[in-house]
Amino acid sequence: MKIKLKIHEILKDSNKFYVIARCLNNMRMKEYIYLIKGYYEETYDYTSMLAVHNGEMYPDRLVYYIPSDVLKENQSIGKSTVGFCAKLRRTLEALNFSDLCKFTPVVEWGKNTAYYDPGMNRITQNVFEYYFEPVSDIDYREIIKCKNVIESHSGNGTFLMRHATFSGSYEVNQSEIDKLGVIFKKYIHLNKTTREYIEGNMRNVLTGESILAVHVRGTDFNCEIKYHPHAITTEQYLSKTKELCAGGRYKKVFLATDDASVLEMFKQEFPDKLVYYEDVFRTENHIGPHGTPSERPLHYYKLGLEVLRDVYTLANCDSLLCGLSQVAFAVRYVNVALERKFGEIVILNNGMNDKDSAEAKKYRRKRNNHKLI
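Residues numbered from 1 in each chain as written. Predicted model: local features only at pLDDT ≥ 70, side-chain atom pairs only at ≥ 80, totals over all residues. Heavy atoms only, no water.

Helix and strand counts for the chain come out as 13 helices and nine strands. Among the 373 residues that make up the chain, the fraction classed as buried is 49%. Considering only contacts within the chain whose residues lie at least 6 apart along the sequence, 75% involve residues at least 24 apart. Accessible area of the chain: about 18,800 Å², with a carbon and sulfur share of 52%. (Helix = DSSP H or I, 4+ residues; strand = E, 2+ residues; numbered from the N terminus. Buried < 20%, exposed > 50% of the residue type's maximum accessible area, 1.4 Å probe, protein only. Contact = heavy atoms within 4.5 Å. Areas by Shrake-Rupley, 256 points an atom, 1.4 Å probe, with all protein chains shown as cover.)

Here it is as structure tokens:
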């Protein structure tokens, strides 16, 4: 067993050998034997790709279509509850694969995305483009007319990611963060409206003083969901924030959190240091903001805009205190993309859940009953 582990570590130190070993390992599977014989078997593993011919546009390109929550013909499912940064990370991993293969990528986040807002239909029906510029010169509506289209699936995205478990895994190391930062810088560009909104808001928060960024993921994270990290308590965050701020190291603390109760506790502990965005939609129960309806205009669009504003503001601070969450991962790779470097990164980690808690099972039933997933 020790020899096997040692070989595994040696392979992981070399990108080339690591990829070859994974391919050889999977060649033992029935599906890959079919591939060798020249047949295509639809599967969710990374080596399966099929080009379809929808029309005659761009015949000299291989178009890599990255859809998310896009309804197929005669398909009817409820609104997704995948969070903004989890969706963005999956998109980045797919873009990384596309970049490796020299494809032309096209990204579409569809109407079942948690952030789809009918009020934005007059601008675009692609939720990705609510916030970002298209990733290539091919319009997402042209996919049905393109000559050679390869549709992305989850296995493509995780092919070169070292956690090698599943999309959305919390087993992320710094090399993956750096890789996603490079891909983010290359492909992800805020559109004019989003950029002006975020930059205007940051000017009111980032005043030139040394700022500690603190991200606290609460609400549904406290349900102790399988394959998610054990929740970090608010007391742990408060204690570590006090420790980091001791001796006047940081003049201000910027707090980003989805949990209204966490905000209140930080306001009590740091009345003179704390800065935050007051207009963020926060909740206190075990349903996250992205799964909570509201009567405010453009609510779902604003949910995405607010979390993206938090990510950029956190990434522009001097140091970072966070747990393991998709938002925290996004902050770190955006920090890389901006070519900034945190003075220190402190990550609180209580380990991972290997099964759903009773509260998590209750949470899943509640989401299913409301047809949110």
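Continuing now.
Take the pairing of strand E5 (residues 211-216) next. Most of E5 is tucked away, with six of its six residues classed as buried. Of the two faces of E5, the one lined by Ile211, Ala213 and His215 and the one lined by Leu212, Val214 and Val216 are each fully buried. Alignment of E5 against strand E8 (residues 319-322), held across three bridges, turns out to be parallel. Within E8, the residue paired with Leu212 across the bridge is Ser319. (Pairing = 2+ DSSP bridges.)

Our focus in this paragraph is the environment of Asp310. Positionally, Asp310 belongs in helix H11 (residues 299-315). Between the C-alpha atom of Asp310 and that of Val331, which follows or precedes it by 21 residues, the distance is 8.6 Å. Discounting residues that sit within four places of it in the chain, Asp310 has contacts with Phe254, Ala256, Tyr277 and Val280.

In this section: the nonpolar core. Among the nonpolar cores identified, the biggest contains 65 residues, and Phe84, Tyr131, Phe132 and Tyr333 are the most heavily contacted of them. Among the elements that line this core, the one with the most residues is H11, at nine residues. Among all residues touching Phe132, those that are not within four sequence positions of it are Phe84, Leu88, Trp109, Ile188, His189, Leu190, Asn191 and Leu308. (Core = buried A, V, L, I, M, F, W, Y, C linked by side-chain atoms within 4.5 Å.)

In this section: the sheet that holds strand E4 (residues 149-151). Pairing in this open sheet of four strands is mixed, and the strands run E1-E4-E2-E3 from one edge to the other. In this open sheet, the two edge strands, each paired with only one partner strand, are strand E1 (51-52) and strand E3 (104-109). Bridge count between E1 and E4: two bridges; the pairing is antiparallel. When the bridges of E4 are listed, Ala51 appears paired with Ile150. Running over the sheet, helix H4 (residues 84-101) touches strand E2 (63-68) and E3 and is turned about 165 degrees from E3. (Axes fitted to C-alpha atoms, helices over the stretch in contact; angles between N-to-C directions.)

With that settled, consider the side chain of Asp117. Tracing the backbone shows Asp117 in the loop between E3 and helix H5 (128-131). Aside from chain neighbours lying at most four places away, what touches Asp117 is Tyr130, Leu298, His299, Tyr300 and Tyr301.

In this structure the tally under the stated criterion is 15 salt bridges. Salt-bridge contacts for Arg89 lead to Glu93; the nearest nitrogen and oxygen are separated by 3.3 Å. Here Glu93 and Arg89 lie together in helix H4, a separation of four residues that amounts to about one turn. (Salt bridge = Lys/Arg side-chain N within 4 Å of Asp/Glu carboxyl O.)

Once that is clear, we can look at the packing of aromatic side chains. Counted according to the given criterion, the structure contains 16 aromatic pairs. Seen from their ring centres, Tyr64 and Phe97 are 5.9 Å apart, and the 40 degrees between their planes marks the pair as tilted. Taken together, the residues Tyr64 in strand E2 and Phe97 in helix H4 connect sequence positions 33 residues apart. Assessed through its relative accessible area of 0%, Tyr64 is described here as buried. Judged by centre distance (5.6 Å) and plane angle (15 degrees), the rings of Tyr131 and Tyr301 are stacked. Remark: Tyr301 occurs in helix H11 and Tyr131 occurs in helix H5; sequence separation between them is 170 residues. (Phe/Tyr/Trp six-rings, centres within 6.5 Å; stacked < 30°, edge-to-face > 60°.)

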